[in-house]
Protein chains: 2
Amino acid sequence: MITVMLELAILGFLRDQPLHGYDLRRRVAALMGHVRPVADGTLYPAIKRMAEAGWLTRKDEPGTAAAPRRTLYLTPEGRAELEHRLREPDELDISDENRWFTLLAFLRHLDEPKEQAAVLRRRLAFLEEPTSFFYDGDRPMGAEEFPDPFRQGLLTIAHATSQAELSWLHTTITTLETPQPPGLA
Amino acid sequence: MITVMLELAILGFLRDQPLHGYDLRRRVAALMGHVRPVADGTLYPAIKRMAEAGWLTRKDEPGTAAAPRRTLYLTPEGRAELEHRLREPDELDISDENRWFTLLAFLRHLDEPKEQAAVLRRRLAFLEEPTSFFYDGDRPMGAEEFPDPFRQGLLTIAHATSQAELSWLHTTITTLETPQPPGLA
DNA sequence: CAAATATATATCGGTCCCGAGGTATGATCA
DNA sequence: TGATCATACCTCGGGACCGATATATATTTG
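Positions within a chain are numbered from 1, following the residues in the order the chain's sequence is written. Whichever chain is written first is A, and whichever ligand is written first is 1; the rest continue in order. Since the coordinates come from a predicted model, pLDDT governs what is reported: local features require at least 70, and pairs of side-chain atoms require 80 or more to be given and counted, while whole-chain, interface and lining totals use all residues. With hydrogens and water excluded, all non-hydrogen atoms of the structure serve as input to the side-chain values.

**Q** Give a detailed account of the overall build of chain A, specifying residues and quantitative values.
**A** A helix here means a DSSP run of H or I that spans at least four residues, while a strand means a run of E at least two residues long, and both kinds are numbered starting from the N terminus. Broken down by element type, chain A carries seven helices and five strands. Starting at the N terminus, the α and β elements of chain A follow one another as α-β-α-α-β-β-α-α-α-β-β-α. Classification of the 185 residues of chain A by burial places 44% in the buried group. In chain A, of all internal contacts separated by at least 6 residues, the share reaching a separation of at least 24 is 59%. With an accessible surface of roughly 9,600 Å², chain A has 55% of that area assigned to carbon and sulfur atoms. A 1.4 Å probe rolled over the protein chains alone gives each residue an accessible area, and that area as a share of the maximum for its type sets the label: buried under 20%, exposed over 50%, partly exposed in between. Two residues form a contact once any of their heavy atoms are found within 4.5 Å. Residue-level accessible areas treat just the shown protein chains as cover; the underlying method is Shrake-Rupley with a 1.4 Å probe.

This is the structure:
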């Protein structure tokens, strides 16, 4: 599960600029450290695996720093992979919440506002499904299942979260789909 | 990581009433299925492990249903373990968000409102720390790190979530700590 | 009547992932 | 000058977890 988020983050950061592993580690920690910490024993094997898949190349740079660095460059294949993963997210559900946030963090790498809006619309469609969250089948999980104030609180918080995201999605999609008058700055 | 949430849920459900494994499975799925699905290969070993730890006992009931049931009963040791875990949550951070919600779902099992409020206060203290979420050390992660509208949206949603929880915590703590006039209802 | 589905419990192989440790150098500080 | 820390990369053992599978019966559906 972490692999999917981590690989997306690596592809996204390397599209911004070439980085060496240690630097990448810092950025990944800043992005998802509080949500899901990533260990060295996960990061470095991921880099190796992705290099073998041809999504990035490694160039040794001895003498640059304290220890020998291996700078990582995104290949055209890696760039294509990133864009594929942004365009065709295969899961948008709650159990993959972290993954959705990671995707959001790199959605700017799809150049077309129309494409960006299309991805947001998919998330919106998912959130608006009555089967999404706190539903069991088609029956909402309400009073009976959550009789005490603490479970009620859980529902309250979940509802507020979902409302916040929905309203953000609506305004952002509108903005993205409003055609920009050409010739302006 | 799932172990902690799952065991808490099992202890909590069994404090309500004895259940057999399949029933427990349904309830666990209803509670955390959308957040984090739990496989059979995780649930049944957990039951076994917890029985060996002395937190629950199993009683075979042949002929009750299609297949032979093994009804699960919480032992006094299991009950003590549950209350210990509710009273002394060792982690309340974001990476353990699911765990916090699971704890909330069973907090009613601490009988004293004062004790319930104490746990909420700890969560409140954590959320109000400036080092909590979207902070890197003591520097808030703001404009520079999240330059595009999508990362801004991430911040917006996270902020709304946190505000919703904070306001709920404040009112609930106040209610819990308001002494009930004796002799009513 | 046959097939499919739901009930019900459990094991096992294999993968994913983390924590700990290993290696090495430059910088900082007492 | 010696200790300690930050930089920098990587491996390995082991535990947690999932998916698949096995088994067996009652009920529903075609």
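**Q** An account of the confidence of the model for chain A is needed here, citing residue identities and associated values.
**A** Confidence in the prediction of chain A, expressed as mean pLDDT, is 79, and 78% of residues score 70 or more. Note on residues 131–144 of chain A: pLDDT under 50 across the span, and 29 contacts to partners over four residues away in sequence or across chains. Predictor confidence is given residue by residue as pLDDT, running from a minimum of 0 to a maximum of 100.

**Q** Just give me the short version of the pattern of salt bridges, but keep the residues and values in it.
**A** Pairing is possible between side chains that carry opposite charge, provided their charged atoms lie close to one another. By convention in these notes, a salt bridge is any Lys or Arg side-chain nitrogen within 4 Å of a carboxyl oxygen on Asp or Glu. Considering all chains together, one arrives at 30 salt bridges over all chains under this definition. Where R70 of chain A meets D60 of chain A, a salt bridge forms, and the shortest distance between an N and an O atom there is 2.9 Å. Of this pair, R70 of chain A sits in strand β3 (residues 69–74) while D60 of chain A sits in strand β2 (residues 56–61); the two residues are 10 residues apart in sequence, bridging distant segments of the chain. Measuring nitrogen to oxygen at the nearest pair gives 2.4 Å for the salt bridge that ties R87 of chain B to E115 of chain B. Of this pair, R87 of chain B sits in helix α4 (residues 76–87) while E115 of chain B sits in helix α6 (residues 113–128), and the two are 28 residues apart along the sequence. The class for R87 of chain B is partly exposed, based on a relative accessible area of 30%.

**Q** Please set out the protein's contact with DNA strand C residue by residue, giving values where relevant.
**A** Taken together, 24 residues sit near DNA strand C, with T3 and T42 of chain A together with Y22, R69 and R70 of chain B positioned nearest. We call a residue near a molecule or strand when any one of its heavy atoms sits within 4 Å of it. Considering the 4 Å shell around the protein, atoms of DNA strand C inside it are sugar or phosphate in 73% of instances. A distance of 3.2 Å separates a phosphate oxygen of DNA strand C from a polar side-chain atom of K48 of chain B. For this analysis, a polar contact is any N or O atom pair within 3.5 Å, provided that within protein one partner can donate a hydrogen and the other can accept it, and provided that sequence-adjacent residues contribute only side-chain to side-chain pairs. A distance of 2.3 Å separates a phosphate oxygen of DNA strand C from a polar atom in the side chain of R69 of chain B. The element best represented in the surface near DNA strand C is helix α3 (residues 40–52) of chain B, accounting for four residues. When residues are grouped by polarity, Ala, Val, Leu, Ile, Met, Phe, Trp, Tyr, Cys and Pro land in nonpolar, Asp, Glu, Lys and Arg in charged, and all others, Gly among them, in polar. Considered class by class, the residues forming the surface near DNA strand C number 11 nonpolar, six polar and seven charged.

**Q** A description of the sheet that holds strand β1 (residues 19–20) of chain B should follow, citing residues and the corresponding values.
**A** Either a parallel or an antiparallel arrangement is found when strands of a sheet pair, and the pairing is made through backbone hydrogen bonds. Residue and element names in this part refer to chain B. Across the sheet, which stays open at both edges, the three strands sit in the order β1-β3-β2 with antiparallel pairing between neighbours. Edge positions in the sheet fall to β1 and β2 (56–61), since each of these pairs with one other strand and no more. Paired strands are those between which DSSP finds at least two bridges. In this sheet, strand β3 (residues 69–74) lies alongside β1 in antiparallel orientation, the contact comprising two bridges. Directly across from H20, in β3, lies its bridge partner T71.

**Q** Summarise the protein's contact with DNA strand D; cite the residues concerned and give the values.
**A** Y22, R69 and R70 of chain A together with T3 and T42 of chain B are the nearest of the 23 residues found near DNA strand D. The contact atoms of DNA strand D, taken as those within 4 Å of the protein, divide so that sugar and phosphate hold 75%. Between a phosphate oxygen of DNA strand D and a side-chain N or O atom of Y44 of chain A, the distance comes to 3.4 Å. Of all the elements in the fold, those that place two or more residues in the surface near DNA strand D are α2 (21–32), α3 (40–52) and β3 of chain A together with α1 (2–16) and α3 of chain B. Within the surface near DNA strand D, the residues separate by chemical class into 11 nonpolar, six polar and six charged.

**Q** Describe the pairing of β3 of chain B, and please don't skip the residues or the numbers.
**A** Relative to β3 of chain B, β2 of chain B runs antiparallel, the two sharing six bridges. Residue R58 of chain B lies in a different strand from β3 of chain B, and its bridge partner there is L72 of chain B.

**Q** So what's going on with the side chain of Q116 of chain B? Which residues, and what values?
**A** Among the secondary structure elements, Q116 of chain B is positioned in helix α6. Beyond its immediate chain neighbours, meaning those up to four positions away, Q116 of chain B contacts F150 of chain A together with L107, R108, L110, D111 and L176 of chain B.

**Q** Could you give an account of the sheet that holds β3 of chain A, naming the residues involved and the relevant values?
**A** Residue and element names in this part refer to chain A. Strand order in the open sheet formed by three strands is β1-β3-β2, and the pairing between neighbours is antiparallel. Single-partner strands in this sheet number two, and they are β1 (19–20) and β2. Lines are fitted to the C-alpha atoms to define the axes, a helix being fitted only along its stretch in contact, and any angle between axes, read from their N-to-C directions, falls within 0 to 180 degrees. Contacts from helix α1 (residues 2–16) reach β1, β2 and β3 within the one sheet, and its direction differs from that of β3 by about 90°.

**Q** Talk me through the environment of I173 of chain A; I want residue IDs and the actual numbers.
**A** Residues and elements named next belong to chain A. Structurally, the position occupied by I173 is in helix α7 (residues 149–177). Between the C-alpha atom of I173 and that of P113, which follows or precedes it by 60 residues, the distance is 9.0 Å. Setting aside anything within four residues of it in sequence, one finds I173 in contact with A117, L120, R121 and L124.

**Q** Outline the packing of α2 of chain A against α3 of chain A, supporting the account with residue identities and numerical values.
**A** All names here are of chain A. One can describe the packing of α2 onto α3 by two numbers: an axis separation of 11 Å at closest approach and a directional angle of 125°. One finds that α2 runs oblique with respect to α3. Crossing of α2 over α3 shows right-handed handedness. Counted together, G21, Y22, L24 and R25 of α2 and D40, L43, Y44 and I47 of α3 form the full contact between these two elements. Looking at the contact of α2 with α3 residue by residue, the class counts come to five nonpolar, one polar and two charged. Just so you know how the angles are binned, under 35 degrees is roughly parallel, over 145 roughly antiparallel, 65 to 115 roughly perpendicular, and the rest oblique. By definition, any crossing whose near helix is turned counterclockwise from its far helix by less than a right angle is left-handed, and any crossing with a clockwise turn is right-handed.

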